[in-house]
Amino acid sequence: MTHRSLLTALGLSFLTACCGGAAGQLQRVEPTPHFIASSEEILADVAGSGWVRLQLNGQRETPLGRPGLYLLTATHDLQRRVFSDSQTHLWIAQGDGPPVRVPALDGRLSEVAISPDGLTLAATRHADFDDPLRADEDDDGLWLITLPTLEVRALPPVQQARVHSLRWTADGAGVAMSYSDGARVFVALPGGERTPWPPETEGDPAPLWSAFTPRGQPSPRCEATGDTLEPLGWRGDQGLAVRHPDGSLTHLVEIVGRERGFHDYLPTLDGFFFSASCEYAIFNADIQGGGGLYVVEIASRRVAHIAHAGQAWPTPSAPNPPPSLRACGGPAPAPPVTGEHRRWDG
């Protein structure tokens, strides 16, 4: 997704022209997001600029990064952000400062997770692909990076096995480390003692930070109301809707004329999420005219293009949903979501 803007501008039109498909048309698009009175912001990887803090109304764009980085995770207030790149290097940005490279993980960054207090990044490394003598196996060594100093401490591996995911417990006492075969251990910190952990189940908790999912994608759910953004048609070929907790559906965005050609598998809509207040939905669209990043106001369903950007992320959640969202069919607001998370069951 780091290079999504290039694919948007060049790839889709080439594919549809050569393979018999056709790009869709986004309906009722206004020329600018002038209808947005809010100063809400998102993080976006804008073509030619890199990562910026972008106001939805287009009034302000604050540089935060450099081109070519992919956001992996962040603290809930977005003051500490973790990136990687095509070489699997580790980059960390803090506040409004630029991303800083952490050489200890150069070319080998695999899984990452930030502690509940936002002061420690846990990371694993993949095998060294540049080493011709490597054993073609990963290991489960754990790397701990102190924020904000970027001091690195390595806990030695116990076995040669690929680590599939990392998750912190709510109290910050340690990290649950899952392997590709489904096995899991708990690594107590700071000492690094390891004990077996039950296999991952449906009852396991949601991601620590509600705005981020384990696979590095923004969540399509509004935590305050339980509403979820849902693509219409295969991979969003027909638009975007809101699915309410009672099962009802509110259509937000309509796309017409999308036809799939041979080997045409790119999503028409993806990367969709609610703004912090849940008054707006943001999404990427591959459509006629080049596409890019769009915003739709939930209450009025007015749509506008906001940037030629690839990856984008929400800013921290607002404490309560707006009246306009509740009027769309959502339930009474749930208690506000915080960075706190319940302890793992075990």
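Please read all numbers here as calculations on a predicted model, not as lab measurements.

Thresholds, definitions, all that
- Residues numbered from 1 in each chain as written.
- Predicted model: local features only at pLDDT ≥ 70, side-chain atom pairs only at ≥ 80, totals over all residues.
- Heavy atoms only, no water.
- Pairing = 2+ DSSP bridges.
- Helix = DSSP H or I, 4+ residues; strand = E, 2+ residues; numbered from the N terminus.
- Axes fitted to C-alpha atoms, helices over the stretch in contact; angles between N-to-C directions.
- Buried < 20%, exposed > 50% of the residue type's maximum accessible area, 1.4 Å probe, protein only.
- Contact = heavy atoms within 4.5 Å.
- Polar contact = N/O pair within 3.5 Å; in protein donor to acceptor, adjacent residues only side chain to side chain.
- Disulfide = S-S within 2.5 Å.
- Phe/Tyr/Trp six-rings, centres within 6.5 Å; stacked < 30°, edge-to-face > 60°.
- Lys NZ or Arg CZ within 6 Å of the ring centre and 35° of its normal.

Let's talk about the sheet that holds strand 5 (residues 61-63)
Strand order across the open sheet formed by four strands is 5-4-3-25, with antiparallel pairing between neighbours. The open sheet terminates on both sides in strands that have one partner only, identified here as strand 5 and strand 25 (309-314). Across the sheet, the mean angle from the axis of one strand to that of its neighbour is 30 degrees, orientation sign disregarded. Relative to strand 5, strand 4 (residues 50-55) runs antiparallel, the two being bridged by three bridges. Counted as the bridge partner of L54 is E61 from strand 5.

Notes on unusual backbone geometry
Among all residues except glycine, the phi angle is most often negative; among peptide bonds, the trans geometry is most common. Look at the link from L147 to P148: it is a cis peptide, with omega at 10 degrees. Of note, the amide linkage connecting L189 to P190 takes the cis form, showing an omega dihedral of 15 degrees. In this fold, P190 is placed in the loop between strand 16 (184-188) and strand 17 (194-196). Here the phi dihedral of R28 falls at roughly 55 degrees; this positive angle occurs in a residue that is not glycine. Mapped onto the elements, R28 comes out in the loop between strand 1 (25-26) and strand 2 (29-30). Unlike most non-glycine residues, C278 shows phi in positive territory, near 70 degrees. Structurally, the position occupied by C278 is in the loop between strand 21 (269-274) and strand 22 (280-285). Taking the relative accessible area as the measure of exposure, C278 reaches 7% and is therefore buried.

Details of the environment of D139
Take D139: it is sitting in the loop between strand 11 (120-125) and strand 12 (142-146). If sequence neighbours within four positions are ignored, D139 has contacts with R125, P157, Q159, Q160, A161 and V163. Engagement of the side chain of D139 in a polar contact is seen with the backbone nitrogen of G141, the distance being 3.0 Å.

Concerning the state of the cysteines
By definition, a disulfide is the covalent link that joins the sulfur atoms of two cysteine residues. Under the counting rule described, the total for this entry stands at one disulfide. What pairs with C222 in a disulfide is C278, and their sulfur atoms sit 2.2 Å apart. On the S-S bond that ties C222 to C278, the torsion sits near 105 degrees, and the link is right-handed. Of the two residues, C222 sits in the loop between strand 17 and strand 18 (228-232) while C278 sits in the loop between strand 21 and strand 22, which places them 56 residues apart along the sequence.

Focus: the pairing of strand 23 (residues 292-297)
Among the six residues in strand 23, six count as buried, and that is most of the element. Of the strand pairs in this sheet, strand 22 and strand 23 are connected by six bridges, and their pairing is antiparallel. Bridge pairing links A285 to G292 in strand 23. The pairing of strand 23 with strand 24 (residues 303-307) spans four bridges and is classified as antiparallel. When the sheet's bridge partners are listed, V296 is paired in strand 24 with V303. Hairpin connection from strand 23 to strand 24: five residues lie between these consecutive antiparallel strands, with R301 at a positive phi of about 65 degrees.

Focus: the packing of aromatic side chains
Applying the stated criterion to the full structure yields two aromatic pairs. Look at W51 and F83: their rings are 5.7 Å apart centre to centre, the planes differ by 55 degrees, and that puts the pair in the tilted class. Of this pair, W51 sits in strand 4 while F83 sits in strand 7 (residues 80-84), and the two are 32 residues apart along the sequence. Taken individually, W51 and F83 each receive the classification buried, so the pair is uniform in this respect. A centroid spacing of 5.7 Å and a plane angle of 15 degrees characterise the contact between F283 and Y294, whose relative ring orientation is stacked. Placement of F283 in strand 22 and of Y294 in strand 23 is noted, with a sequence separation of eleven residues between them. Each member of the pair, F283 as well as Y294, is classed as buried. Above the plane of the ring of W234 lies R235, whose end atom (NZ or CZ) is 5.8 Å from the centre.

These values are about where atoms sit, not about what they do.
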